[in-house]
Amino acid sequence: MNRRCRILACGSPDGGDDAAALDALQLLPPAVALRASLEDVRQLSAEQLLGDPPGSVRLVVDCVAGVGPGEVVDLPLRELPALERRLRPASSHALSIGQAVALADRLGGIGPGDRFIGIGGAAFGLGQPKSPAVEAGLPGLVARIEGLVP
Amino acid sequence: MTSQAPERQDLDFEVGQLTRVEGEGSLHLSVDAAGSVRAQLRIFEAPRYFEQLVVGRTPDEVLDIVARICGICPVAYQMSGVHAFESLFGVEVDPGVRLLRRLFYCGEWIESHALHIFLLHAPDFLGYPSALEMAADHREVVERGLRMKKLGNRIVAMVGGRAIHPVSVRVGGFSRVPRVEELDELREPLREALADAEATVALVAGLDTPVADREPRLVSLRHPDEYPMNDGRIVSSDGIDLAPGEWRDAFHEVQVPWSHALQARAEDGVPYLLGPTARVVLAADQLHPRARAALDATGLTPDDLRRNVFRSIVSRAVELVHALAEASEIVAGYQRPARPAEPWQPREGVAAWATEAPRGLLFHRYELDAEGHIRSAQIVPPTSQNQAAIEHDLELFAPSVLDRSHEEATLRFEQLIRSYDPCISCATHFLDLTVDRDR
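Quick caveat: nothing in here was measured; it's all calculated off a predicted structure.

J.: Whenever I open this one, empty space enclosed by the protein confuses me. Can you help?
T.: Empty space left among the atoms is revealed by rolling a probe the size of a water molecule over them. All names here are of chain B. Evaluation of the coordinates by the stated rule reveals 3 cavities of 30 Å³ or more. Space inside the largest cavity adds up to approximately 100 Å³. In terms of lining residues, the largest cavity is bounded by 15 residues, among which L273, L274, T277, S312 and S419 are the most central. Among the secondary structure elements, those contributing two or more residues to the lining of the largest cavity are α9 (276–282) and α12 (312–332). Residues of the lining of the largest cavity, tallied by class, amount to 6 nonpolar, 6 polar and 3 charged.

J.: I keep staring at the packing of aromatic side chains and nothing clicks. Help me out?
T.: Residue and element names in this part refer to chain B. Throughout the structure, instances matching the rule amount to 10 aromatic pairs over all chains. Taking 5.9 Å as the distance between ring centres and 75° as the angle between the ring planes, the aromatic pair formed by F104 and F174 counts as edge-to-face. Of this pair, F104 sits in helix α4 (residues 95–126) while F174 is found in strand β5 (residues 173–174), placing the two residues 70 residues apart along the sequence. Like F174, F104 is buried. Relative to Y227, the ring of W109 lies with its centre 6.0 Å away and its plane at 85°, an arrangement referred to as edge-to-face. One end of the pair, W109, is in helix α4; the other, Y227, is in the loop between β6 (219–222) and β7 (233–236), with 118 residues separating them in the sequence. Exposure remark for W109: the relative accessible area of 0% places this residue in the buried category. Since its relative accessible area comes to 1%, Y227 is described here as buried. Within the aromatic cluster, the residues linked to one another by ring pairs are F85, F89, W344 and Y366. If you follow R101 out to its NZ or CZ, it ends over the ring of F174, 5.9 Å from the centre.

J.: Any chance you could explain the confidence of the model for chain B here in plain terms?
T.: Detailed reading of the predicted coordinates is not advisable wherever pLDDT falls low. Residues and elements named next belong to chain B. Here chain B shows a mean pLDDT of 89. Residues at 70 or above account for 90%. Confidence drops under pLDDT 50 across residues 1–6; counting only partners more than four residues distant or on other chains, this segment forms 0 contacts. Scored as a complex, the prediction yields pTM 0.89 and ipTM 0.81.

Here is what the cut-offs are and how they apply
Residues numbered from 1 in each chain as written. Chains lettered and ligands numbered in written order. Predicted model: local features only at pLDDT ≥ 70, side-chain atom pairs only at ≥ 80, totals over all residues. Heavy atoms only, no water. 1 Å grid on protein atoms, 1.4 Å probe; cavity = no way out; pocket = protein on both sides within 12 Å on 5 of 7 lines; lining within 4 Å. Points joined across faces, edges and corners; volume = space filled by probe spheres on them. Helix = DSSP H or I, 4+ residues; strand = E, 2+ residues; numbered from the N terminus. Nonpolar A, V, L, I, M, F, W, Y, C, P; charged D, E, K, R; others polar. Phe/Tyr/Trp six-rings, centres within 6.5 Å; stacked < 30°, edge-to-face > 60°. Buried < 20%, exposed > 50% of the residue type's maximum accessible area, 1.4 Å probe, protein only. Lys NZ or Arg CZ within 6 Å of the ring centre and 35° of its normal. pLDDT = per-residue confidence, 0-100. Contact = heavy atoms within 4.5 Å.

Here's what the structure looks like:
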């Protein structure tokens, strides 16, 4: 069992497509939970990326604007802040996900194995259902996450 | 030879977009030729209709729904709601549950205050555009803040089931209460964080602070035996004294054309200030001795904090000490309640209560039918109530920076707005300011 892998799902269950990462957490095969810690973090904070043992792998999952609805992308977590303007997280928070990652990186908290996995969203309204494109893209998101778990 | 003073000109300051915030807003500030200043905090985020979303729901459903209003202070929304319902239904909770609710609130104050002090407000004073840049030169300070924030979130998760939008609050108590061994894990982190918080009071009291002077009307809860969180009477610095469900007897909401958020006023129309400074002043005698000692060691008095809006960062740090000290004592003396929640029966009537969110008094009022379903709801957040005070303070302060560069004026206006820790501008370090000077 490799519990040095953490899957951190961000977003809001009430925000239409912004719930995609949280839903993906529920759809992961049970075997993944034996290999990784599944965490419903909703709003990523820098401190959540600090303090893990060296060699830990963190997979941060969120719904983003800036790529096609339902399209799945992944990239080194360290590259997220620079791309944030293009891959906009749907939720507005005190510190955006990119700022939180940048701050954690500045404090030495991001490793080469950490990755960001995003799914493009189209509908982020409070109480809205997920868009058909994101519903259709969820299996791909789940597969991408599973494939990145060591 | 004679010299002439330059002719005064009309000035318009537009801060077009408060970005990276829990909400969307802007600032418009105008100065006419006679020197009269008018500030408008324009909140243009679309209404979220939570007061309508809860109509037809049961009290326990309401507690889950209102937690979604804010990711930073969900506990406050649950606490105002649950106390309102319990007041109507005549529920007396177990003393252990009452203490757990204070611990729950302490957790929220710790994470919210640490976020604001270290990541959002300190960069203004230390001359950085954000905590990211500040971390390069003040790594230990940022790490200290993140440690405290993480601990606050851990407390909320331990009591509430999760850190963001907790799920365990129920009318009568909790759906589950933590075991003694679970809370014991907090003892050492709390001890360490308390020392960090005391150092923080000294740090922020020593920051170079803009000069500002005003005499705001202060409003908060006040309790004879404890620092105000869940219980007490609504009091003001000029004599208001109401039960926690009677907010509407002295205050009312008004709509202004430039904001999607309702503002609130006292009956005489005068703005009032909520939040850490109001509490520190109005309940100074109930501060934990370590919090009071930390403040006294700075040489500042509660009145110093009241008069200068920029000193709110000190009030917030003092409350950080209070929350950590009180949390430590609750954890040390914790005995698991025999049962997590008391039974209750719904009844028709009005359920109303106010508690102290990190940013100030949060009032809830619900009308219920005989089955306990919500007929109507009114939720008055602290940021809504503070809007008028923010505008008033901007108008008082603006003349002192009008002769400065756009960049510096921007920083000072933002710094002042952030002094209130408004939910709509939790991270207003990224403003674009345009200035039109009519000639």
